[in-house]
Amino acid sequence: MNGQQWFTRPLGIWSSSLIATILWGSALPFIKLSYAHLGIQSHDIFAQWLFAGYRFTLAGLLLMVLAKILNPKGQPIPHIPAKRLISLSMFQTLLQYIFVYAALGLGSGMTMSIIAGSVSLFQMLSIRWIDQTERLSMRKWFGLLLGFTGIAVMGFGQSGGNVHFGFGLGELLMLLSALTGGWGNVLARREAGIEPVLSLTGRQMFWGGLGLVVIGSLTGHPFPFHWDLAAVGMLLYLVVLSAGAFALWNTVMKYNKVGKVSMYLFLTPLFGVVLSALWLDEKLSIWAALALILVASGIILVNRERIVHKE
């Protein structure tokens, strides 16, 4: 069985998507744990970007090495033009994670995980805008409305018996990360028709990561952290997480219609909420639970394949 056969079979799609979403769901709470261990404060945004740059530069290198090793008979690997690689790197790594890492210092792991789940909704809007292969039916529009209503519900909280609404900078930044991530996923799907997924993902991640390193180093030393064994282990886990999740997901996206596979992304906020509760000892409020249900329902509704009954 070759790669295309595996990634178009139900078992291949399901298992690959499950692994990718577990990895992505673990990322946000694990990054917060890394912040605490390395002493990165919520206001130290450049240190956050620098740490992100380490992660994605190394993950990109890992994937590029794997692409070389797995290249049959050492044949030349086709590459997309540099201009398009820069565009992909900017959306799928640089901008997306500029917003993600800044947002994580300003909000809880649960809140950010739920909002990050909206990447699937933006992905559906992006595929319609970029190549118009997905028609937005009334069902899909309703699913989008449901999902974004869930994002709005995240702004509600309760204190002293009174319900209040507040959608802060952290939530806005995470929403922007979902927007750029959704656009980047669709760009990656298009470019994967030219360049193999491992090479494409590795190259865009490497250059996007280097961009984060440069930005993160603007106000100080490029190596400010104290690296003990635990810190190195945390970084390596995030490197493998990035390489594995993006390689799996971009391959699934390459061989399947966006509407067929994006539904699985509803698992990402679910895993993020569960792991935030386990690792960060965060509590799930009634508003966060409602938001999670609405976002997950919107993702499923938007991406559910229409069933046609034949007589």
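Residues numbered from 1 in each chain as written. Predicted model: local features only at pLDDT ≥ 70, side-chain atom pairs only at ≥ 80, totals over all residues. Heavy atoms only, no water.

> Requested: an account of the overall build of the protein chain, with residues and values cited.
The number of helices and strands found in the protein chain is 13 helices and two strands. C-alpha extents for the protein chain along the principal axes are approximately 65 × 65 × 30 Å. For the protein chain, the residues scored as buried account for 52% of the 311 residues in total. Across the protein chain, the fraction of contacts at a sequence separation of at least 24, relative to all contacts at a separation of at least 6, is 86%. Working note: accessible area of the protein chain is about 14500 Å², and carbon and sulfur atoms make up 68% of it. Counting 21 positive and 11 negative side-chain charges, the protein chain places the centres of these two groups 12 Å from one another. (Helix = DSSP H or I, 4+ residues; strand = E, 2+ residues; numbered from the N terminus. Buried < 20%, exposed > 50% of the residue type's maximum accessible area, 1.4 Å probe, protein only. Contact = heavy atoms within 4.5 Å. Areas by Shrake-Rupley, 256 points an atom, 1.4 Å probe, with all protein chains shown as cover. Lys, Arg positive; Asp, Glu negative; His and termini not counted. Charge placed at Lys NZ, Arg CZ, Asp CG, Glu CD.)

> Describe the nonpolar core, naming the residues involved and giving the relevant values.
One finds Tyr 101 and Met 174 to be the most contacted residues of the largest nonpolar core, which totals 78 residues. Apart from residues lying up to four places away in sequence, Tyr 101 is in contact with Ile 31, Tyr 35, Gln 48, Trp 49, Phe 51, Ala 52, Arg 55 and Phe 56. (Core = buried A, V, L, I, M, F, W, Y, C linked by side-chain atoms within 4.5 Å.)

> Let's hear about the packing of helix H2 (residues 10-38) against helix H10 (residues 229-255): which residues, and what values?
Look at H2 against H10: their axes get within 8 Å of each other, and the N-to-C directions meet at 150°. The orientation of H2 relative to H10 falls into the category roughly antiparallel. Here the hand of the crossing between H2 and H10 comes out left-handed. (Axes fitted to C-alpha atoms, helices over the stretch in contact; angles between N-to-C directions. Parallel < 35°, antiparallel > 145°, perpendicular 65-115°, else oblique. Left-handed = near helix turned anticlockwise from the far one by under 90°.)

> Now, about the pattern of salt bridges: what can you tell me, with residues and values included?
Under the defined criterion, the tally for this structure stands at four salt bridges. Here Arg 84 makes a salt bridge to Glu 191, at a shortest N to O gap of 2.7 Å. In this pair, Arg 84 is assigned in helix H4 (residues 82-104) and Glu 191 in helix H8 (residues 169-191), connecting sequence segments 107 residues apart. Taking the relative accessible area as the measure of exposure, Arg 84 reaches 32% and is therefore partly exposed. When its relative accessible area of 1% is taken as the criterion, Glu 191 is described as buried. The closest approach of N and O atoms between Glu 195 and Arg 203, which form a salt bridge, is 3.0 Å. No difference in accessibility class separates Glu 195 from Arg 203, as the two residues are buried. Through salt bridges that share partners, Arg 84, Arg 190 and Glu 191 make up one connected network. (Salt bridge = Lys/Arg side-chain N within 4 Å of Asp/Glu carboxyl O.)

> Outline unusual backbone geometry, supporting the account with residue identities and numerical values.
Of note in this structure, Asp 281 is not a glycine but carries a positive phi near 60°. Take Asp 281: it is sitting in the loop between helix H12 (267-280) and helix H13 (286-303).

> So what about the packing of aromatic side chains? Which residues, and what values?
Summed over all chains, the structure comprises 18 aromatic pairs. Measuring from ring centre to ring centre gives 4.3 Å for Phe 56 and Tyr 97, while their planes differ by 45°; the resulting arrangement is tilted. Note that Phe 56 is positioned in helix H3 (residues 45-69) and Tyr 97 in helix H4, a separation of 41 residues in sequence. You can call Tyr 97 buried: its relative accessible area is 6%. (Phe/Tyr/Trp six-rings, centres within 6.5 Å; stacked < 30°, edge-to-face > 60°.)

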